[in-house]
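# Notes for the structure review
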Amino acid sequence: MNVRDSAANGDHRLVAVAVPVPLPQALTYSLPAGFVGLAEAGMRVRVRVGKRRLTGVIVGFPDAAPEGVKIRPVEDLVDEAPVLPENLLELARFTAEYYLAPLGEVLRAVLPAKLPGWGQRRLRLTDAGALAPPRNPAEAAVVEGLLELGTTTTSRLHAHLGPQLRDGSLAPIGPVLEALVAAGRVAMEDPGRRGGRFITAYELPPGDRAVQREACGRSKPAVEVVDFLDALGRPATGTEITETVGCGVGVLRRLVNLGVLRKFTQAERLSLDRHVLSPEEGRERFVLRPDQATAVEAITGVVTGGTYQPFLLQGMTGAGKTEVYLRAVEATLEQGRSAILLVPEIALVPALARAVRQRFGERLALLHSTLGGSERQQEWQRIREGDAPVVLGPRSAIFAPVTDLGLVVVDEEQDSAYKQDTTPRYHGRDLALVRGRDADAAVVLVSATPSLESRLNAERGRFQPLQLTQRAGGGSLPEGVLVDLKAEGAPRRPGQVVFSQRLRDEMEQALADGSQIILLRNRRGYSPVLLCRACGEDMRCDDCGLPRTYHRREGMLVCHYCGSRRAAPRQCPECDAEALEPIGTGTERLEEQFQELFPQVPAVVLDRDTVRRRGGAAAVLERFASGQAQVLLGTQMVAKGHHFPDVALTAVMAADSYLGFPDFRAVERTYNLLVQLAGRAGRGERPGKVVVQTYHPDHYAVRAALDHDDAGFAAEELRFRRIFHYPPYTRMVQLLLRDSQRERGEARMAELSRKIHAHPLARGVRIAGPAPAPLEKLRGKWRFQLLLRDPSSQKLRRLLEAVLPSKPDSDLVVDVDPQDLL
């Protein structure tokens, strides 16, 4: 049943519930009499699945139960009203169908974890509530219900009063309960707010202000309190009132007893300042260049017209793309609509959040995984209630419950981080296009180096291209410096990254000028391998078969694939020789080598390890932005989207580590990374340079990045994709099977391959494999893959729906439009 049918669900006694387990379809449950007519699609319910009690989401109202299935009852309603609006339910359905994912697992990704439910708040009638006479029939019904039930939940009270609510003899009880709680006649405990901080606030109840002033008598402070709150137009804390008016708390108590003021307790607003860089001072609003003004006009025209239109906003790094889409957000808010801003990495949130907050203040909400549970719940509620019409976050923010969506911006749209690597394996950029289409909104994909998919869509007229041709402030692109590492001689240790003489000279000059430097090494930890030079032992992970990375600061060996950890030994566990040596360089070792060269220069590291520490990315970037650190070292996080005007030099320590990945997108990613990193330099008044160290100086991706030949690179890479039938000229699905026994897994994948080849829909489909995955063993399981390619994604989906088992196999991963084939 379609979600839209839920608006007129009437007296349906069956509900379809999607639960967060890998089931191919929703389960059918019966509604107890007290819940009939109250349940709506998008509300959460408690149900039994086997022996487990789970929270699911109502997604429909079937007319009949499936044959031969015992129907269990819904145990409880979690919500009074749908926690998911209709448009998000439709987006979740699309995600489940397109990405061949269970709907319940999609909905688990949409909703924040542990979002408190209205129905789970516990109620208790106080002595005052039991003794005071009800003021109206609705209060009388609620009080009588609480007397009968005793301490109960909102949901149970709702069910108890269900017949009166359904026949219209009783109005909705939500406002009635709020009034009784405010008057102290009902005690309410919200399980979602336990342990939080609360504040006491006061407000004027509805009524004639003149009558309220008369009730104050001759007390001038009391009248001033009424006048203050009347002018303020919102509740205020006791401290705010007493300090402004200059009265004591006794005045407030007297006004509450007189019924002139309403006193209530609410959760204190949590500050998200730790997730935002400090405000910039002296930043003035500037006049847009003609190319920027043209782009803003095109986007705002679509927002004002209320139609769907995807744009590809392309421009060199530092061309002012952010200013273009922030102006578009302004126009969106002026129309009374909402905007969602997506970034690929959480590390990009703090700086952009600063710019957005400075412009839009408290209308900004953040949504990402490093927020605390209470913070995520707070932001989700603010968005649902319309208090925060601008939402910023990584891919999951596309599910933000905004009202009247008018604009979606996908910054750095080419980044593979927009692809979820666990079920549901959705792509944030592609869902942004779907959500924008369904909401009649403008969707702006932003990049200095657009993905080949977006380039082709613009070429074919599906996206409207918007081009920025100059750098902001009239600056020039950084000068490219190519260093052939073959001419530097062999490093002291195999795999060790070296500081070439040219790079050392450039760093000395930049530091002498007082400029800042960014160094990129796309490996975290101290070294990728801790090797015994006596026997060759390399400390491989037992579950993955790959060497563990040595983290010297922690004294740990860590598998970056399964997360297993063990203490780093002082001597070889195999031969007892004291011949252990770190081979290769990660960010920790890069920092150490840099400090050996420049011991007096403060440096900070930005990688996944530092992001997990207290303060996260914001703390690291704050130190660099404020000038406390002159050098920023890190993984690819340092290359994306940052604006640091004092950076004059950036460097890639080893470009070849990206080119060598066994993935057809490796060259494109290398080019994008080099261009993005180069773009961090020369964004202020100082000219910039980028140094690229490589053993392949003639590779066309390296040459194109240094020569700023974007069109040349795109033409060459698209030619390669077309010849070998890779995306964007075909659609791809990866089937990855995992098994703890190698021979069994190989046989299972071979059998699946035979089924696919034998199906009529497989005619014309290009099938590669079955073959071992590039990373053949991870987390204790052997991995085998099949790659399916065809120009039609619908044909691939129909083929897989026909051949895959109806009961999901947890060891079989189906990845539609994969971004990582390792």
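Residues numbered from 1 in each chain as written. Predicted model: local features only at pLDDT ≥ 70, side-chain atom pairs only at ≥ 80, totals over all residues. Heavy atoms only, no water.

### Regarding the pattern of salt bridges
Pairing is possible between side chains that carry opposite charge, provided their charged atoms lie close to one another. As a reminder, the rule being used: When a carboxyl oxygen of Asp or Glu lies within 4 Å of a side-chain nitrogen of Lys or Arg, that pair is called a salt bridge. Working definition: helices are DSSP H or I runs of at least four residues, strands are E runs of at least two. Numbering for both runs from the N terminus. To sort residues, take the accessible area from a 1.4 Å probe on protein chains only and compare it with the maximum for the residue type: under 20% means buried, over 50% means exposed, and anything in between is partly exposed.
What the rule picks out here adds up to 39 salt bridges. One salt bridge connects Arg 108 with Glu 105, and the closest N-O pair in it is separated by 3.7 Å. One end of the pair, Arg 108, and the other, Glu 105, are both in helix α2 (residues 103-110), 3 residues apart, so they sit about a helical turn from each other. For Arg 108, a relative accessible area of 49% puts it in the partly exposed group. Look at Glu 105 and you get buried, because its relative accessible area is 11%. With a shortest N-O distance of 2.9 Å, Asp 538 and Arg 540 are connected by a salt bridge.

### Considerations on the sheet that holds strand β19 (residues 464-468)
Test applied: DSSP calls a pair of strands paired once it identifies at least 2 bridges connecting them. To define axes, lines are fitted to C-alpha atoms, for helices over the stretch in contact only, and angles between the resulting N-to-C directions are given on a 0 to 180 degree scale.
Taking strand neighbours across the sheet as the criterion, the 7 strands line up as β15-β16-β14-β17-β18-β13-β19 in an open arrangement whose pairing is parallel. Here the strands that pair on one side only, and so sit at the sheet edges, are β15 (364-366) and β19. Pairwise comparison of adjacent strand axes, ignoring direction, gives a mean angle of 20° for this sheet. Inspection of the sheet shows strand β17 (residues 405-411) paired to strand β18 (residues 442-447) by 5 bridges, in the parallel sense. Each residue of the ladder has a partner; that of Leu 407, found in β18, is Ala 442.

### Thoughts on the sheet that holds strand β20 (residues 479-484)
For clarity, the threshold we go by: Here a residue-residue contact requires only that any non-hydrogen atoms of the pair lie within 4.5 Å.
Strand order across the open sheet formed by 6 strands is β20-β30-β29-β21-β28-β27, with parallel pairing between neighbours. Of all the strands in the sheet, just β20 and β27 (603-606) have a single pairing partner and so form its edges. On average, adjacent strands in this sheet sit at an angle of 15° to one another, irrespective of strand direction. Strand direction decides the pairing type here: strand β21 (residues 516-520) and strand β29 (residues 647-652), joined by 5 bridges, are parallel. Paired with Gln 516 across the bridge in β29 is Val 647. The sheet strands contacting helix α23 (residues 666-678) are β21, β29 and β30 (689-694), and the helix crosses β29 at an angle near 160°.

### Considerations on the packing of helix α1 (residues 86-98) against helix α16 (residues 428-439)
Packed helices, taken two at a time, are described by their axes: the angle between them and the distance between them. For clarity, the threshold we go by: Here roughly perpendicular refers to angles of 65 to 115 degrees, roughly parallel to angles under 35, roughly antiparallel to angles over 145, and oblique to all remaining angles. Each crossing is labelled by how the near helix is turned from the far one, with a counterclockwise turn of less than a right angle marking it left-handed and a clockwise turn marking it right-handed. Here the term charged refers only to Asp, Glu, Lys and Arg, the term nonpolar to Ala, Val, Leu, Ile, Met, Phe, Trp, Tyr, Cys and Pro, and the term polar to all other amino acids, Gly among them.
In contact at an axis separation of 11 Å, α1 and α16 are set at 135° when each is read in the N-to-C sense. Considering their axes alone, α1 and α16 lie oblique with respect to each other. Along this stretch, α1 crosses α16, giving a crossing that reads as right-handed. Listed contacts from α16 to Asn 87, Leu 88, Leu 91, Phe 94 and Thr 95 of α1 are Leu 431, Val 434 and Arg 435. Across the contact of α1 with α16, the residue classes tally to 5 nonpolar, 2 polar and 1 charged.

### Describing unusual backbone geometry
Look at the link from Pro 727 to Pro 728: it is a cis peptide, with omega at 15°. As for its placement among the helices and strands, Pro 728 is situated in the loop between α25 (710-723) and β31 (731-739). Residue Pro 770 is reached from Gly 769 by a cis peptide bond, and omega for that bond is 5°. The phi dihedral of His 708 is positive, around 55°, even though this residue is not glycine. Following the sequence through the fold, His 708 ends up in the loop between α24 (700-707) and α25. Looking at His 708, the relative accessible area reads 38%, which means it is partly exposed. Within the chain, Arg 779 stands out as a residue other than glycine whose phi angle is a positive 50°. Judged by relative accessible area, Arg 779 falls into the exposed class, the value being 51%.

### A word on helix α11 (residues 249-258)
Cut-off, in case you're wondering: What the arc covers is the set of directions going from the helix axis to the C-beta atoms.
Of the residues making up α11, those classed as buried are Val 251, Leu 252 and Leu 255. Within α11, the buried residues cover an arc of 100° as seen down the axis, which keeps them to one side. The exposed set on the far side of α11, more than 90 degrees from its buried face, consists of Arg 253 and Asn 257. After α11 finishes, the residue Gly 259 shows a positive phi value of roughly 85°.

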